[in-house]
Amino acid sequence: PCRSVLTVACEQTEVLLFDPISSKHIKTLSEAHEDCVNNIRFLDNRLFATCSDDTTIALWDLRKLNTKVCTLHGHTSWVKNIEYDTNTRLLVTSGFDGNVIIWDTNRCTEDGCPHKKFFHTRFLMRMRLTPDCSKMLISTSSGYLLILHDLDLNKSLEVGSYPILRARRTTSSSDITSSGSSGPRAVGSPCHQNDLGPLSEKHMSRSSQREGGSPRNSLEVLTPEVPGERDRGNCITSLQLHPKGWATLLRCSSNTDDQEWTCVYEFQEGAPVRPVSPRCSLRLTHCIEEANVGRGYIKELCFSPDGRMISSPHGFGIRLLGFDAHCSELVDCLPKEASPLREIRSLYSHNDVVLTTKFSPTHCQIASGCLSGRVSLYQPKF
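Fair warning: this is a prediction, and the values are worked out from it, not measured in the lab.

**Notes on unusual backbone geometry**
The general pattern is negative phi for most residues beyond glycine and trans for most peptide bonds. One non-glycine residue, Ser23, adopts positive backbone phi at about 65 degrees. Within the fold, Ser23 resides in the loop between β2 (15–18) and β3 (25–29). Even without a glycine there, the phi angle at Asn292 is positive, about 55 degrees.

**Observations regarding the sheet that holds strand β5 (residues 47–52)**
Pairing is antiparallel in the open sheet, where four strands are placed in the order β4-β5-β6-β7. Edge strands, defined here as strands with exactly one partner in the open sheet, are β4 (37–42) and β7 (70–73). Strand after strand, the sheet turns through a mean of 20 degrees between neighbouring axes, direction not considered. Bridge analysis of β4 against β5 gives five bridges, and the strand direction is antiparallel. Note on β5: the bridge partner recorded for Asn39 is Cys51.

**What about the pattern of salt bridges?**
In this structure the tally under the stated criterion is 17 salt bridges. Of the charged contacts, one joins Glu83 and Arg128 as a salt bridge, the two residues approaching to 3.3 Å between their closest N and O atoms. Note that Glu83 is positioned in strand β8 (residues 79–85) and Arg128 in strand β12 (residues 124–129), a separation of 45 residues in sequence. A salt bridge links Lys299 to Glu260, with the nearest nitrogen and oxygen atoms 3.6 Å apart. Pair noted here: Lys299 is in the loop between β20 (282–289) and β21 (302–303) and Glu260 is in strand β19 (residues 260–267), with a separation of 39 residues, a long-range link. Residue Lys299 shares its accessibility class with Glu260, and that shared class is buried. Residues joined by salt bridges that share partners form a network here, namely Arg251, Glu260, Glu290, Lys299, Arg319 and Glu343.

**Considerations on the sheet that holds strand β23 (residues 317–322)**
The four strands lie next to each other as β21-β22-β23-β25, forming an open sheet whose pairing is antiparallel. Of all strands in the sheet, those with a lone pairing partner are β21 and β25 (342–348), marking the two edges. One ladder, built from two bridges, connects β21 with strand β22 (residues 309–314); its direction is antiparallel. Looking across to β22, one finds that Cys302 is bridged to Ser311.

**What to know about the UniProt feature "repeat: WD" (unreviewed entry) in the protein**
In this numbering, the UniProt entry assigns the feature "repeat: WD" (unreviewed entry) to residues 30–63 and 72–104. Annotated as 0% helix and 53% strand, the span residues 30–63 places its first and last C-alpha atoms 17 Å apart. From the first C-alpha to the last, residues 72–104 spans 11 Å; its make-up is 0% helix and 64% strand.

**With respect to the environment of Phe359**
With respect to the helices and strands, Phe359 occurs in strand β26 (residues 354–359). Overall, Phe359 belongs to the buried group, its relative accessible area being 12%. Expressed as a C-alpha distance, the spacing of Phe359 and Cys302, which sit 57 residues apart in the sequence, is 7.5 Å. Apart from residues no more than four positions distant in its own chain, Phe359 is found in contact with Cys302, Phe303, Ser304, Pro305, Met309, Ile310, Ser311, Leu320, Gln365 and Ile366.

**Remarks on the nonpolar core**
Among the nonpolar cores identified, the biggest contains 19 residues, and Val92, Val100, Phe118, Phe119, Met136, Ile138 and Leu153 are the most heavily contacted of them. Top element by residues in this core is β12. It accounts for three residues. Among the nonpolar cores identified, the runner-up in size contains 17 residues, and Leu145, Ile147, Leu282 and Cys287 belong to it.

**What about the confidence of the model for the protein?**
Averaged over every residue, the pLDDT of the protein is 83; the share at 70 or more is 80%. Confidence over residues 166–212 falls short of pLDDT 50; this stretch has 104 contacts with residues more than four positions distant or in other chains. Per-residue pLDDT stays below 50 along residues 271–277; that stretch engages in 10 contacts with residues further than four places along the chain or on separate chains.

**Examining the packing of aromatic side chains**
For any pair of aromatic rings, geometry is given as the distance between the ring centres together with the angle between the planes. Evaluation of the coordinates by the stated rule reveals three aromatic pairs. Where Phe48 meets Trp60, the ring centres are 6.4 Å apart and the plane angle is 15 degrees; that geometry is what we call stacked. Of the two residues, Phe48 is situated in strand β5 and Trp60 in strand β6 (residues 56–61); the sequence distance between them amounts to 12 residues. An angle of 35 degrees between the planes, with centres 6.0 Å apart, marks the rings of Trp78 and Phe96 as tilted. Of the two residues, Trp78 is situated in the loop between β7 and β8 and Phe96 in the loop between β9 (90–95) and β10 (99–104); the sequence distance between them amounts to 18 residues. With a relative accessible area of 10%, Phe96 lands in the buried category. Members of the aromatic cluster, connected to one another through ring pairs, are Phe42, Phe48 and Trp60. When the ring centre of Phe96 is taken as reference, the NZ or CZ atom of Lys80 above it lies at 5.2 Å. The ring of Phe267 carries the charged tip of Lys135 above its face, separated from the ring centre by 5.4 Å.

Calculation criteria
- Residues numbered from 1 in each chain as written.
- Predicted model: local features only at pLDDT ≥ 70, side-chain atom pairs only at ≥ 80, totals over all residues.
- Heavy atoms only, no water.
- Helix = DSSP H or I, 4+ residues; strand = E, 2+ residues; numbered from the N terminus.
- Pairing = 2+ DSSP bridges.
- Axes fitted to C-alpha atoms, helices over the stretch in contact; angles between N-to-C directions.
- Salt bridge = Lys/Arg side-chain N within 4 Å of Asp/Glu carboxyl O.
- Buried < 20%, exposed > 50% of the residue type's maximum accessible area, 1.4 Å probe, protein only.
- UniProt positions renumbered as here; feature names shortened; annotations may be inferred.
- Contact = heavy atoms within 4.5 Å.
- Core = buried A, V, L, I, M, F, W, Y, C linked by side-chain atoms within 4.5 Å.
- pLDDT = per-residue confidence, 0-100.
- Phe/Tyr/Trp six-rings, centres within 6.5 Å; stacked < 30°, edge-to-face > 60°.
- Lys NZ or Arg CZ within 6 Å of the ring centre and 35° of its normal.

Right under this line is the structure:
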């Protein structure tokens, strides 16, 4: 958060640390995990967490990198995402076992942290919290986006214990949640689509007893509109959120793996939900087709710290995209119908497919990493 360290998660067992200003290599954690390192999240300016395909999460202190603070055990498959609620100091992780797990870092010891399973869904790909932690978004490899509204992380969700808000298109409850864990799902697998029917109505009647809005942890199930994919299905591989919580950013690939799109969806906060009025919280505002180079690999894109630009992996480089040619705020240039994202600048310096990119939180600087292991730092001039 103070931009003094750039951390890099590597395909094998390593975590690399760099000084982003001087580009100097600081340290390599050569055996940070026993398998691929997937994600890194700073909890403050010194403590950070890593997650891995070895099913564990590790906590690290920048002041003492020779040993882990502790290792967290709870997932049964590859752990892909780490989120953090700074208000409650709760760590939130998700993995290909379909589980979202909450860890209480307030009671962390060298043996780990108390934890509980918060939510489970089949085919889980990515999980994010909005900046104010009022919502949790979960994307799936079957093209569904789940939104938990009025989020309460202290309340675990078992099957059937939460109200379901009807969306334009939904799936059967067995495809969304189950009490057992399931393994990772291959991109491109088909998904049976059935209406929630009586289950939805039962939960709607329960939720309507609370006047003035939705109950805590109410679940909305969406199939976001993706250009060109209306009849073919898609996998939501990357999920990011606007730094001010106005929108969500998705990277989607077709089930036939021959098209790839970056899409922006505006959050729409409507009136209290009624059974006769299906809820739909997201509206597609901007999109652009991607190069679809490096099929089968997930490309992680991101918003700039002010939310005016998007940095997106594009072949052997990255593209900087804006909502208009002037890099205006999203709220100042919302179109009536979905419009193309504008390409502001393209930066190419890799010799392999770029998989991830990240803006510095404080400087005009961007980092990108490619499949061969090269990390590039840019200071673009406009």
